[in-house]
Amino acid sequence: MLGLLWLIPAIPFASALALAVLRFPRKVVAWIAVSSIAASSIISLLVTFSFLHAPPAGNAYTEVLWTWMRVGDFRPEIAFYLDPLSLIMVVVVAFVSFLIHLYSTEFMAGDDGYSRFFAYMNLFVASMLTLLLANNLLLLYLGWEGVGLCSYLLIGFWYRDPENGLAGRKAFIVTRVGDTAMLIGLFLLFHDLGTLNIQELMQRAPQHWHLGAGAAVAAGLLLLGGAVGKSAQLPLQTWLPDAMAGPTPVSALIHAATMVTAGVYLIARTHVLYSLAPPAQFAVAVVGAATLLIAGFSALTQWDLKRVLAYSTISQIGYMFLALGVGAWPAAILHFMTHAFFKALLFLAAGVVIQALHEEHNIFRMGGLRKKLPVAFWTFLIAGCSLAGLPLITAGAFSKDWILWGAASAANGSMGFWIVALIGILLTSLYTFRMIFLVFFGEMHSEVTKKPGMAMLIPCIVLAFLSIAGGYVKTPFAHFLETALPWNAAAAGAVHISEIGSETVAGLVFLLGLVLAYVLFLRSRSYAASLTDNAAGAALHRFWFSDWGMDWLYDRLLVRPYAWAARIDKGDLIDGFYSGIAELNVLAWRVLGLTESGRLRWYAAGIAAGSIIYIAVVLFL
Amino acid sequence: MTEVPLAYGLILGGILFALGLAGLLMRRNLLFILISIEIMLNGAGVAFVAAGSRWGQPDGQIMFLFILAAAAAEVSVGLALLLRFYRQRHTLDANRANEMRG
């Protein structure tokens, strides 16, 4: 059964190729696209069963397909590596992607680029699966770039509006900044350790580098750069809110299953390296903690439903980074899984709402949709509770409480991180219920024009089930991950809080957020208005709304100077040289054009003179 | 039979070639241009034959046969073009065929 592993990325890739090259009727397109991902998820389940039933030696399985290239000692293979970590990621990615594809068949039904859309989506999933299964960092990088390319194509999918194209370009360029750092990191790893095979790297790194060695720290920080770009963490998070320009299922796919979790996976995959480089790991935790706060505050002020969700994604990925940084590795992966379920669901339900209100994105113009769109309401509520962490019941609470506990008790944890994570929970609960109250409660502001069909509702219901049930697997999950990704606990006595205590506090904070949201956004909206009425409040609102002025800052700091330099540098020496060549050619054309008089005898005379000169040169020189 | 010195043959060929070239460059009538080309070809042929006889080899005469064949082909195509040209413009002036200039 494990031998089928290569089919998991291969089938979506083949289907993407078929959809891109051939033309099919719409029904067939939908069938090919959905069934390819369905086949992938079924195979991933089969592989899981066989993996659980008869674990391979060393609890990991490698399938080498062929040698990619051979340059001296450098021999990357096209090979897939399956261990508990990649297994979990692959199953979740394939399954969630399948549900999103199913949903898209109806959501995109009226669109012109139906086939193009599904070709991109399939390629997206195929790249992500390659990234997850790669046994060496080069193949991982291939998947990594494939994911980046598809995100560019899909964010700018409705390319007729230049805004969307700009958003796609921004996503591509900003993530590229991170990718470049990652590439340099790969060079460094290869230079020092002589291989890019991940398992060999993880074996050689501790032999080569002592704890805290400079090269290890540098490699860790460079890989972190790549992860920060792809996962939209501080300071490269600015592309993600703009990525909402794409169709809603794309947002669901980018945020839940593919792309943004790639950075989390990369760091988890190379966790041995980070254990060797405490400063790099600490940087991961700090990036995560800072991002989760900043994005949480930004989410509070947005009026676009999808942008709220975008900032909440950034914030939740921040949680995962925090967990990775403090050494609570399995907690990050559990949160990845539950986040994939509830965030996909939030986007899909939001898509139902947006389509029902005729492309209305503004949450202040929604309201009272509880009765009109019951399925969307209940599933959104479940996912929202899971996101905010309704204790004991929802999946999100299990994973987030685990991270919170890790922030205090894991090897690099501290009470500072714990408090930041706790504030994050308050913010999450606040903005989540703000969204729910504004969209589904209160008075109706817009008419419902379109009711969702079965293909859109079934994925929502399945994901709603998973958003609740996904957390109950925490204990077997941790046990399963143990060989691949152990929990780094702190020394006994260094922890000042018990796990139960931490969870109780988290539950209370969640309730506080819920009540605050109820008071501010449902009971008496005037309170919320009065907060932004005074100058300081308004300025703060503006500041948070613009993502802490990051876009403004980058525009001033990077984009404008660059554009300015490009503009003034138009006529410099090098440009002058090249335009000189062009002008020289034009001149030569003019002169030689004169000889083409069209007179036959002139040509004959030319030939004769040329021959005479040639013979003279041969004879006398 | 006394042998004709090589130089004579080559000089005759050279004169023929120069005459032909001069005619080609000076004449405007296409018919005369064709004739001049024939003279040039024959000049080259004389040079081949003379050289062949100097070395006692048949190659020179064989080359001349090839030149004859090429000249026959050239004349047939050339005359056909010339006829078309005359039908179109009622003149044989080569300078009138200058539409294809750079």
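Bear in mind that the values here come from a model prediction, so they are computed numbers and not experimental data.

1. Let's talk about the overall build of chain A
Along its length, chain A carries 26 helices and 2 strands. Overall size of chain A, expressed as C-alpha extent along the three principal axes, is 105 × 60 × 50 Å. Restricting to contacts in chain A with at least 6 residues of sequence separation, those with at least 24 account for 81%. Accessible surface, chain A: about 26,000 Å² in total, of which carbon and sulfur atoms supply 70%. For chain A, the separation between the mean place of its 35 positive charges and that of its 32 negative charges on side chains is 7 Å.

2. Observations concerning the overall build of chain B
Scanning chain B for helices and strands turns up 3 helices and 0 strands. N-terminal to C-terminal, the α/β element order of chain B is α-α-α. Here the C-alpha radius of gyration of chain B, 17 Å, is well above what a compact globule of 102 residues would show, namely 13 Å. By its C-alpha atoms, chain B is 55 × 30 × 25 Å across when sized along the principal axes. Looking at chain B as a whole, 26% of its 102 residues are labelled buried. In chain B, the proportion of contacts linking residues at least 24 apart, taken out of those at least 6 apart, comes to 55%. With an accessible surface of roughly 7,000 Å², chain B has 70% of that area assigned to carbon and sulfur atoms. Charge separation in chain B, taken as the distance between the mean sites of 8 positive and 6 negative side-chain charges, equals 15 Å.

3. Considerations on the nonpolar core
Side chains that are nonpolar tend, in soluble globular proteins, to be buried together. Core analysis: the largest hydrophobic core is formed by 202 residues, its most contacted members being A:Leu140, A:Trp209, A:Trp239 and A:Phe321. Residue contributions to this core peak at 21 residues, all from helix H15 (residues 329-356) of chain A. With sequence-adjacent residues up to four places away left out, A:Trp209 is seen in contact with A:Leu189, A:Asp192, A:Leu193, A:Ala215, A:Ala216, A:Ala219, A:Leu273 and A:Leu276. One finds A:Ala604, B:Ile33, B:Leu34 and B:Leu92 within the second-largest nonpolar core, a separate group that totals 12 residues.

4. Focus: the pattern of salt bridges
When the charged atoms of two side chains with opposite charge come close together, those side chains can pair. Tallying each qualifying case throughout the model produces 9 salt bridges over all chains. Each of the salt bridges in this network shares a partner with another, and the network as a whole consists of A:Glu145, A:Arg176, A:Asp179 and A:Lys230.

5. Topic: the confidence of the model for chain B
Across chain B, pLDDT averages 89, with 96% of residues at or above 70. For this predicted complex, the interface confidence comes out at an ipTM of 0.84, alongside a pTM of 0.78.

6. Some remarks on the packing of aromatic side chains
Residue and element names in this part refer to chain A. Inspection of the entire model under this criterion finds 20 aromatic pairs over all chains. Arranged with centres 5.3 Å apart and planes meeting at 50°, the rings of phenylalanine 380 and phenylalanine 440 form a pair that is tilted. Of the two residues, phenylalanine 380 sits in helix H16 (residues 374-388) while phenylalanine 440 sits in helix H18 (residues 415-440), which places them 60 residues apart along the sequence. Since its relative accessible area comes to 1%, phenylalanine 380 is described here as buried. Taking 5.8 Å as the distance between ring centres and 65° as the angle between the ring planes, the aromatic pair formed by phenylalanine 433 and phenylalanine 510 counts as edge-to-face. Here the residue phenylalanine 433 occupies a position in helix H18, and phenylalanine 510 occupies one in helix H21 (residues 499-523), the gap between them amounting to 77 residues. No difference in accessibility class separates phenylalanine 433 from phenylalanine 510, as the two residues are buried.

7. Describing the packing of helix H2 (residues 26-53) of chain A against helix H4 (residues 114-133) of chain A
Residues and elements named next belong to chain A. The N-to-C vectors of H2 and H4 enclose an angle of 10°; their axes lie 9 Å apart at closest approach. With respect to H4, the element H2 is oriented roughly parallel. Mapping the contact onto sequence places Arg26, Val29, Ala30, Ala33, Ser36, Ile37 and Ser40 in H2 and Tyr114, Ser115, Phe118, Asn122, Val125 and Leu129 in H4. Grouping the amino acids of the contact of H2 with H4 by side-chain chemistry returns 8 nonpolar, 4 polar and 1 charged.

8. Section: the environment of A:Trp239
Residue and element names in this part refer to chain A. Position of tryptophan 239 relative to the elements: it lies in helix H9 (residues 239-242). Residue tryptophan 239 is classed as buried on the basis of its relative accessible area, which comes to 0%. It is 8.3 Å that separates the C-alpha atoms of tryptophan 239 and phenylalanine 172, two residues lying 67 residues apart in sequence. The contacts of tryptophan 239, once residues within four sequence positions are left out, are Lys170, Ala171, Val174, Thr175, Gly229, Lys230, Ala232, Ile254, Met259 and Val260. Polar side-chain contacts of tryptophan 239 include one of 3.0 Å to the backbone oxygen of glycine 229.

9. Description of the interface of chain A and chain B
Residue-level contacts link 11 residues of chain A with 14 residues of chain B. Summed over both sides, the interface of chain A with chain B buries roughly 950 Å², with 56% coming from carbon and sulfur. Summed over the shared surface of chain A and chain B, the number is 0 salt bridges. Run the count over chain A and chain B and you get 3 residue pairs in polar contact (both at pLDDT 80 or more).

10. Describing the state of the cysteines
Applying the stated rule across the entire model yields 0 disulfides over all chains. The thiol of A:Cys460 is unpaired, and the distance to the nearest cysteine sulfur, on A:Cys385, comes to 16 Å.

11. Notes on the side chain of A:Lys306
Residues and elements named next belong to chain A. As for its placement among the helices and strands, lysine 306 is situated in helix H14 (residues 305-326). Look at lysine 306: it is buried, it has no salt bridge, and the nearest opposite charge is aspartate 304 at 7.0 Å. Discounting chain neighbours no more than four positions away, the residues touching lysine 306 are Met244, Gly246, Pro247, Thr248, Ser251, Phe347, Ile354 and His361.

12. A short note on the pairing of strand E2 (residues 77-82) of chain A
Residues and elements named next belong to chain A. Here E2 lies mainly inside the structure; 5 of its 6 residues are buried. Both strand E1 (residues 61-67) and E2 contribute to a ladder of 6 bridges, which runs antiparallel. Paired with tyrosine 61 across the strands is leucine 82, a residue of E2.

13. Considering unusual backbone geometry
Phi at A:Ala232 takes a positive value of approximately 55°, unusual for a residue other than glycine. The exposure class assigned to A:Ala232 is buried, which follows from its relative accessible area of 0%. Not every positive phi belongs to a glycine, and B:His90 is a case in point at roughly 55°. Within the secondary structure, B:His90 sits in the segment after helix H3 (59-89).

Thresholds applied
Residue numbers here run from 1 along each chain, matching the order of that chain's written sequence. For this description, chains carry letters from A and ligands carry numbers from 1, given in the order in which they are written. Only residues with pLDDT of at least 70 are given local features in this predicted model, and only at 80 or more are side-chain atom pairs given and counted; all residues enter the totals for whole chains, interfaces and linings. The basis for every side-chain value is the complete set of heavy atoms in the structure, and neither hydrogens nor water enter the calculation. By the criteria applied, helices consist of DSSP H or I runs no shorter than four residues and strands consist of E runs no shorter than two, each listed in order from the N terminus. Any two residues having at least one pair of non-hydrogen atoms within 4.5 Å are treated as being in contact. Only the protein chains shown count as cover for residues, and all accessible areas are computed by the Shrake-Rupley method using a 1.4 Å probe. Think of it this way: Lys and Arg go in the positive column, Asp and Glu in the negative one, and His and the chain ends go nowhere. Here the site of a charge means atom NZ of a Lys, CZ of an Arg, CG of an Asp or CD of a Glu. Our radius of gyration is a C-alpha quantity, and the globule rule it is checked against amounts to 2.2 Å times the number of residues to the power 0.38. Buried, partly exposed and exposed residues are distinguished by accessible area as a fraction of the type maximum, computed with a 1.4 Å probe on protein chains only: under 20%, between the cut-offs, and over 50%, respectively. For this analysis, a nonpolar core means a set of buried residues of the types Ala, Val, Leu, Ile, Met, Phe, Trp, Tyr and Cys, connected via side-chain atoms within 4.5 Å. By definition, a salt bridge exists where a carboxyl oxygen of Asp or Glu is found within 4 Å of a side-chain nitrogen of Lys or Arg. Looking at any residue, its pLDDT shows the predictor's confidence there, from 0 to 100. For Phe, Tyr and Trp, rings pair up if their centres lie within 6.5 Å, where Trp contributes its six-membered ring, and each pair is then called stacked (planes under 30 degrees apart), edge-to-face (over 60) or tilted (otherwise). Lines fitted to C-alpha atoms define the axes, with helix axes restricted to the stretch in contact, and inter-axis angles between N-to-C directions lie between 0 and 180 degrees. In this scheme, roughly parallel covers angles under 35 degrees and roughly antiparallel covers those over 145, while 65 to 115 is roughly perpendicular and the rest are oblique. Under the convention adopted here, Pro, Cys and the residues Ala, Val, Leu, Ile, Met, Phe, Trp and Tyr are nonpolar, Asp, Glu, Lys and Arg are charged, and Gly plus all remaining residues are polar. Pairs of N or O atoms within 3.5 Å make up the polar contacts considered here, provided that, within protein, one atom can donate a hydrogen while the other can accept it, and that residues adjacent in sequence are counted only when both atoms are side-chain atoms. Note on definitions: buried area is the accessible-area loss of two parts on being combined, 1.4 Å probe, summed for both. Here, a disulfide means two cysteine sulfur atoms that sit within 2.5 Å of each other. The rule for pairing is simple: two strands pair if DSSP sees at least two bridges between them.

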